[in-house]
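Observations on the three-dimensional arrangement
Read off the chains here:
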Amino acid sequence: MVLDREQINYWINEIINESEKEIIIISPYIKLKNDVFDKLNRATKRGVKIKLVYGKKKLSDEELHKLYNLNIQTKYISNLHSKIYINEYRCIISSMNLYEYSQQKNIEIGYLINKQNTDYSHLINQLKKEKVIDFNTHNHCIRCNTKIEFNKHKPLCKSCYSSWVKFRNEHYKENFCHLCGTKSDIISMKFPFCGTCY
């Protein structure tokens, strides 16, 4: 189904609201409207994993702070031009960035594809082939570097967490970036990412 700007906005909201497992947002430019931020926040509270791929320029400190608080996995690709919004039921291929101005002012065109359509699986396979949506599925304990699942609120393995919980000092200096596993002197429970991954 071909979509105009208002319909794209509607279906992006539906993709976020109806998701039960995973949302993938691919947009070179990001500036979240408050209502989109609120919907993403509710999705993470439902246990939905959110992956955001962005490019062209680094995110502003304001956007980074918003996303950090949502426990969203992010990936930067400098030459990214695609704008795609995906959940486990459908996706939108669009000209629209997830950028407040684009969502309100620009002339935008998009195309909605339901999962039953073979183009959905072709799109997912192409994004994997291009390594756009290949996120590191194994992240790192910030204390011992053991491979663990991504969780910015608990970036420690079970053993290290049981040690940390005795003191609960979220500013205690740890060793490794939760995302890439690189040794870094800025890591803590409060801030589990190195400068490159943040």
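This one's a predicted model, so the numbers in the text were calculated from it and none came from an experiment.

**Details of the sheet that holds strand β9 (residues 110-114)**
Spatial strand order, β1-β9-β7-β6-β2-β4-β5: 7 strands in an open sheet with mixed pairing. Both edges of this open sheet fall to β1 (2-3) and β5 (73-77), since each of them pairs with a single strand only. Here 5 bridges tie strand β7 (residues 90-94) to β9, and the two strands are oriented antiparallel to one another. In the sheet register, Arg90 faces β9, and the bridge partner there is Asn114. Along the sheet, helix α5 (residues 118-129) makes contact with β2 (22-26), β6 (84-86), β7 and β9, crossing β6 at roughly 115 degrees.

**A word on the packing of aromatic side chains**
Each aromatic ring pair is specified by the distance between its two centres and by the angle formed by the two planes. By the definition in use, this model includes 4 aromatic pairs. Pairing Phe150 with Phe193 gives two aromatic rings, centres 6.3 Å apart and planes at 15 degrees, and the pair type is stacked. Separated by 43 residues along the polypeptide, Phe150 in the loop between β11 (147-148) and α6 (158-164) and Phe193 in the segment after α6 bring together distant segments of the chain. Residues Phe150 and Phe193 agree in their burial class; the two are buried. Taking the ring centre of Tyr161 as reference, the NZ or CZ of Lys154 above it sits at 4.4 Å. Across the ring face of Phe176, the terminal group of Lys183 is positioned such that the distance to the ring centre comes to 5.1 Å.

**Looking at unusual backbone geometry**
The backbone of Lys131 shows a phi angle near 60 degrees, a positive value even though the residue is not glycine. Looking at the element boundaries, Lys131 is found in the loop between α5 and β10 (139-140). Using a relative accessible area of 55% as the deciding quantity, one classes Lys131 as exposed. For Asn145, which is not a glycine, the phi torsion comes out positive at approximately 75 degrees. By the element assignment, Asn145 lies in the loop between β10 and β11.

**Brief notes about the packing of helix α1 (residues 5-18) against helix α2 (residues 34-45)**
It is the contact of α1 with α2, at a shortest axis distance of 8 Å, that shows an interaxial angle of 20 degrees. Classified by the angle their axes make, α1 and α2 are roughly parallel. In this structure, α1 crosses over α2, and the sense of that crossing is left-handed. Across the interface between the two elements, Asn13, Ile16 and Asn17 from α1 touch Asp35, Val36, Lys39, Leu40 and Ala43 from α2. Of the residues contributing to the contact of α1 with α2, the split by class is 4 nonpolar, 2 polar and 2 charged.

**Quick look at the nonpolar core**
Counting residues in each nonpolar core, the largest one holds 28 residues, and the members touching the most others are Ile12, Ile23, Leu32, Leu40, Ile92 and Leu98. In terms of residues, this core owes the most to one element, α1, which gives 5 residues. By size, the runner-up hydrophobic cluster in this structure holds 16 residues, among which are Ile84, Ile113, Ile124 and Ile133.

**Observations concerning a nonpolar patch on the surface**
Where nonpolar side chains cluster on the molecular surface, the patch consists of Val2, Ile93, Ile109 and Tyr111 and spans about 360 Å² of accessible area. Here Val2 falls in the exposed class, since its relative accessible area comes to 55%.

**So, the pairing of strand β4 (residues 49-55)**
Counting buried positions over the 7 residues of β4 gives 6, a clear majority of the element. Judged from the 5 bridges that link them, β2 and β4 form a sheet pairing that is parallel. Each bridged residue has a counterpart across the sheet, and for Ile26 the counterpart in β4 is Val53. Here β4 runs beside β5; their pairing, made up of 5 bridges, is parallel. Note on β5: the bridge partner recorded for Gly55 is Ile77. For the segment spanning β4, helix α3 (residues 61-70) and β5, crossover handedness is right-handed.

So, how was this worked out
Residues numbered from 1 in each chain as written. Predicted model: local features only at pLDDT ≥ 70, side-chain atom pairs only at ≥ 80, totals over all residues. Heavy atoms only, no water. Pairing = 2+ DSSP bridges. Helix = DSSP H or I, 4+ residues; strand = E, 2+ residues; numbered from the N terminus. Contact = heavy atoms within 4.5 Å. Axes fitted to C-alpha atoms, helices over the stretch in contact; angles between N-to-C directions. Phe/Tyr/Trp six-rings, centres within 6.5 Å; stacked < 30°, edge-to-face > 60°. Buried < 20%, exposed > 50% of the residue type's maximum accessible area, 1.4 Å probe, protein only. Lys NZ or Arg CZ within 6 Å of the ring centre and 35° of its normal. Parallel < 35°, antiparallel > 145°, perpendicular 65-115°, else oblique. Left-handed = near helix turned anticlockwise from the far one by under 90°. Nonpolar A, V, L, I, M, F, W, Y, C, P; charged D, E, K, R; others polar. Core = buried A, V, L, I, M, F, W, Y, C linked by side-chain atoms within 4.5 Å. Patch = residues over 30% accessible without salt bridge, like charges linked within 9 Å, V, L, I, M, F, W, Y side chains within 5 Å. Areas by Shrake-Rupley, 256 points an atom, 1.4 Å probe, with all protein chains shown as cover. Salt bridge = Lys/Arg side-chain N within 4 Å of Asp/Glu carboxyl O. Right-handed = clockwise from strand over helix to strand, strands pointing away.

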